[in-house]
Structures are given as C-alpha cells and as structure tokens.
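Notes for the structure review
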Amino acid sequence: MVSVTAVHGDITEQRVDVIVNAANREMRGGGGVDGAIHRAGGPAILDDCIARFPHGLRTGDAGWTTAGALPARWVVHTVGPNHVAGERDRSLLESCYRRALAVADELGAQSIAFPLISAGVYGWPLDDAIDAAIETIGRTPTRGEEVRLVAFSADTHRRVQAQVLRAFPPETAHASIGGLFDPAPEQWGLRGDPYLWRALRSQFATTPLPPDSRELDRVIRDAAQAVIGAALSASDDAHYVPEFDPGHGMSAGAVSREWWNTTGIRTLIDRFEARDG
Ligand code: APR
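Cut-offs used in this document
- Per chain, the residues get numbers from 1 upward, laid out in the order the sequence is written.
- Selection of residues for local features in this predicted model requires a pLDDT of at least 70, selection of side-chain atom pairs for listing and counting requires 80 or more, and totals for whole chains, interfaces and linings are taken over all residues.
- Processing note: side-chain calculations cover all non-hydrogen atoms of the structure and skip hydrogens and water entirely.
- Segments assigned H or I by DSSP are reported as helices when at least four residues long, segments assigned E as strands when at least two residues long, and all are numbered from the N terminus.
- For the exposure calls, accessible area comes from a 1.4 Å probe over protein chains only, and a residue counts as buried if that area is under 20% of its type's maximum, exposed if over 50%, partly exposed in between.
- The contact criterion used throughout is that any non-hydrogen atoms of two residues lie within 4.5 Å.
- The charge count includes Lys and Arg as positive and Asp and Glu as negative, but it does not include His or the ends of the chains.
- To locate a charge, take NZ of a lysine, CZ of an arginine, CG of an aspartate or CD of a glutamate.
- Any pair of Phe, Tyr and Trp rings, taking the six-membered ring for Trp, is counted once the centres come within 6.5 Å. Such a pair is stacked with planes under 30 degrees apart, edge-to-face with planes over 60 apart, and tilted for the rest.
- Any Lys NZ or Arg CZ that is within 6 Å of a ring centre and within 35 degrees of that ring's normal is treated as a charge sitting over the ring.
- Nearness of a residue to a molecule or strand requires only that one of the residue's heavy atoms be within 4 Å of it.
- Whenever a nitrogen or oxygen atom comes within 3.5 Å of another N or O atom, the pair is scored as a polar contact, on the condition that within protein one atom can donate a hydrogen and the other can accept it, and that pairs from neighbouring residues in sequence are kept only if both atoms are in side chains.
- Per-residue and other accessible areas were derived by the Shrake-Rupley procedure at a 1.4 Å probe size, with only the shown protein chains allowed to occlude residues.
- Space inside and on the surface of the protein is sampled on a 1 Å grid over the protein atoms alone, with a cavity defined as a set of points where a 1.4 Å probe fits but cannot get out and a pocket as an open set with protein on both sides within 12 Å along at least 5 of 7 lines; lining residues have an atom within 4 Å of a point.
- Any molecule with more than half of its atoms within 2 Å of a cavity's or pocket's grid points is regarded as sitting in that cavity or pocket.
- Ten residues, namely Ala, Val, Leu, Ile, Met, Phe, Trp, Tyr, Cys and Pro, are considered nonpolar, four, namely Asp, Glu, Lys and Arg, are considered charged, and the remaining ones, Gly among them, are considered polar.
- Between any two strands, pairing holds if DSSP finds at least two bridges.
- Axis angles are defined between N-to-C directions and span 0 to 180 degrees, where every axis is a line fitted to C-alpha atoms and, for a helix, only to the segment in contact.
- Geometric relationships in this document are graded by angle, where less than 35 degrees denotes roughly parallel, more than 145 denotes roughly antiparallel, 65 to 115 denotes roughly perpendicular, and other angles denote oblique.
- Handedness of a crossing is defined here by the sense of rotation of the near helix relative to the far one, left-handed for an anticlockwise turn of less than a right angle and right-handed for a clockwise turn.

Scanning the chain for helices and strands turns up eight helices and eight strands. Considering only C-alpha atoms, the chain reaches an extent of 65 × 40 × 30 Å along its principal axes. Across the 277 residues in the chain, those meeting the buried criterion constitute 52%. For the chain, restricting intrachain contacts to residue pairs at least 6 apart in sequence, the fraction spanning at least 24 positions comes to 69%. On the chain, the mean spot of the 27 positive side-chain charges and the mean spot of the 36 negative ones are 3 Å from each other.

Below, the structure written as structure tokens:
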C-alpha cells in the first residue's frame, strides 16, 4: 500500500528514487522547480533532456532523464497545462501525475516526490492544483511504496497536509492516542471540525496512550491549539482555519470550540476510559 505524505521543503533535497520536474514543452530548463532541478542537478540533466527529448514533451506527458547531482536516481519531467496562457483542461494536469507515476513504475522507482504541477508560473488555482494531485495519485495504481507531495511554502504545505490527511489517513498503532479517533463522530459542529479531527488523529497515530484521562485531555487540547493557532478554551465559538477551507465557502474551515468541548474531546475521553484496564 503506497504511503502518501505532504512534505514542506525543497524538492531538490528529497532523497527519493524519482524527483518530478514541472517542466515546459521545450524541455530545456526554466524557472521555479525546473530551474531549481537543473541548477542542483547540473548540466547532465540538460544534456539528457536534449538527447532524449529532441522535440520536447507534450503537455500532460512525462519522460525521465538522469538526476545528475540530485539525491535521486532519476528526474521524471512532466509538462503541466499553462493556466495563465488559457490552458484550462484539467485532464491534462491529472495526466501529468498519472504519466509520471507510470514512468516511475517503468523505472522500478520505490519512492517519488512531486511538486504541485502548474501551481506556480503556470498559475493553476492552488486548491484545485492540490485536489488534482491528490485525486489522481489516489486513483492511479503504482508499484511505488512512497509518494511525497512537496510544498515549497509553509502555507501551501498546511493546505496540502490537510487534504492529504483527508484522502490518505495513516494507520494508527495499537493502543495509540490516534486509535481513539476511530471511528470518526457522526455529527460535527462546523465544517472545519473533521479537518482538525484528522490532523490530530494523524499526529497521534503512533503516540502511546497517557496514564490517565486528565493527561489525555491536556495533550489533545495542547495539540489542537498548535494546529488551529488558538485555544479551545477561548470564549468565541467558531475559529476560522484557512487551510481547513477547501475553497467552497459556507463556514468551511471554521472549527467549533463548543463542539470540541462538549462532544469531540468528551468522545475521546469516554473511549479512553471505556478501554479495558
Ligand atoms: N521545491 C518544491 N516546490 C517548488 C520549488 C522547489 N524548489 N520551487 C517552486 N516550487 C513550487 C511552486 O511554489 C509551485 O507551487 O512548485 C510549484 C510549481 O511551480 P513552477 O515551478 O512555477 O511550475 P509550473 O507552475 O508548473 O510552471 C512551469 O515554470 O519554471 C518554469 O520551466 C518551467 O515553464 C515552466 C513553468
């Protein structure tokens, strides 16, 4: 089962078998990720681009070259649609992820790092660029074991992280705090509550249970405050968390303090206390 994670960092520093490049059709380098990969990987990558792609690469397609001096074995270049230039066919963006995974499989790659294709210079709306990546990775069979979605800025990483946790919840260890979060409640307070629930479940997926429910309460409240950037004990009910808002409006992204204090944390404590012993 492939593990999919959100990483905050520079794609050229990822120690994986395949680093995916957000290239252009000419395949002769450029700015953004393309520029960073050619700079860090050295001229061997450009030489291979020229040799292997004399006529460039079509939008939506993918092809591999050497990784040169990068901490990877190959670079898989793919060309996303240029939203700024009016290329709005989302199936081409989805094709980038599908084809890149297929090429990585042909290479026998076990780990692959993607940037957010088309989300930079090519101007694809960020939330939809994230959704297209996650949806396509989620439905494309791969023999790889690890897929990383690498976000360059902290804000983008928080958004990617929220969506990755929604689409690919990690396994929780036996007798972990995270295990108390399954199953998720039937009812939520506001639309940001499930995002916070999943974020905490993932954070505690391997954290052993504390000695008592008072400590459990403290640990969860502290973690919730760190995730949403505000205390659950504050007086006003709704707290808006931008990265919990997939861009659909209607109170999306808001966390309900009242729900967490009367239901969310109570549920976790009850499950903790109901455990045998
Ligand atoms: N590591 C990870 N992500 C990065 C890095 C990096 N070193 N540099 C930029 N990014 C992010 C951007 O913030 C954006 O979210 O990668 C995403 C893709 O941005 P671009 O590199 O601009 O790629 P794209 O939008 O697909 O545009 C491709 O830009 O760089 C040129 O030659 C390239 O013409 C092509 C076009």
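Tracing the backbone through its elements, the reader meets threonine 140 in the loop between helix H4 (126–139) and strand S6 (146–151). Setting aside residues no more than four positions away along its own chain, threonine 140 makes contact with Arg98 and Leu101.

Scanning the model with the defined rule gives eight aromatic pairs in all. On the numbers, 5.6 Å between centres and 20° between planes, the contact of tyrosine 195 with phenylalanine 244 is stacked. A residue pair is termed long-range when its members are at least 10 positions apart, and tyrosine 195 in helix H6 (residues 193–203) and phenylalanine 244 in the loop between strand S7 (238–240) and strand S8 (254–256) qualify at 49 residues. For tyrosine 195, a relative accessible area of 9% translates into the label buried. According to the relative accessible area criterion, phenylalanine 244 is buried, its value standing at 3%. Chaining the aromatic ring pairs together yields one cluster made of Phe181, Trp188, Trp197, Trp259 and Trp260. Directly above the ring of tryptophan 64 sits arginine 52, whose terminal nitrogen or CZ lies 3.7 Å from the centroid. Over the face of the ring belonging to tyrosine 195 we find arginine 198, whose NZ or CZ atom lies 4.9 Å from the ring centre.

Around the ligand, 21 residues are found, and the nearest of them are Gly31, Val33, Asp34, Gly120 and Val121. Between the ligand and the protein, one listed contact pairs a nitrogen atom with a backbone N or O atom of isoleucine 11 at 2.9 Å. Contact with the protein chains covers 88% of the free accessible surface of the ligand, which is 700 Å². Its atoms largely coinciding with the cavity grid, the ligand occupies the largest pocket. Those elements that place two or more of their residues in the shell around the ligand are strand S2 (18–23) and helix H1 (32–41). At four residues, the largest contribution of residues to the shell around the ligand is made by H1. Classifying every residue of the shell around the ligand by side-chain character gives eleven nonpolar, eight polar and two charged.

This brings us to the pairing of S6. For S6, the tally of buried residues reaches five of six residues, placing the bulk of the element in the interior. In the sheet, strand S1 (residues 3–8) pairs with S6 via six bridges, with the strands oriented parallel. Pairing of histidine 8 across the sheet is with alanine 151, part of S6. Strand direction decides the pairing type here: strand S5 (residues 111–114) and S6, joined by four bridges, are parallel. Paired with alanine 113 across the two strands is arginine 148, which belongs to S6.

It is worth spelling out the packing of H6 against helix H7 (residues 213–228) at this point. Remark: H6 packs on H7, axes separated minimally by 10 Å, with the N-to-C direction vectors making an angle of 120°. With respect to H7, the element H6 is oriented oblique. Helix-helix and strand crossings are classified by hand; for H6 and H7 the assignment is right-handed. Each of Leu196, Ala199, Leu200 and Gln203 in H6 lies in contact with H7, whose residues at this interface are Ile220, Ala223, Ala224, Val227 and Ile228.

Strands sit in the order S1-S6-S5-S2-S4-S3 across an open sheet of six strands; the sheet is mixed. Of all strands in the sheet, those bounded by a partner on one side alone are S1 and strand S3 (62–66). Averaged over neighbouring strand pairs, the angle between their axes works out to 25° when direction is ignored. The pairing of S2 with S5 spans two bridges and is classified as parallel. Within S5, the position partnered with isoleucine 19 by the bridge is alanine 113. Lying over the sheet, H1 contacts S2 and strand S4 (74–79), oriented at roughly 130° with respect to S2.

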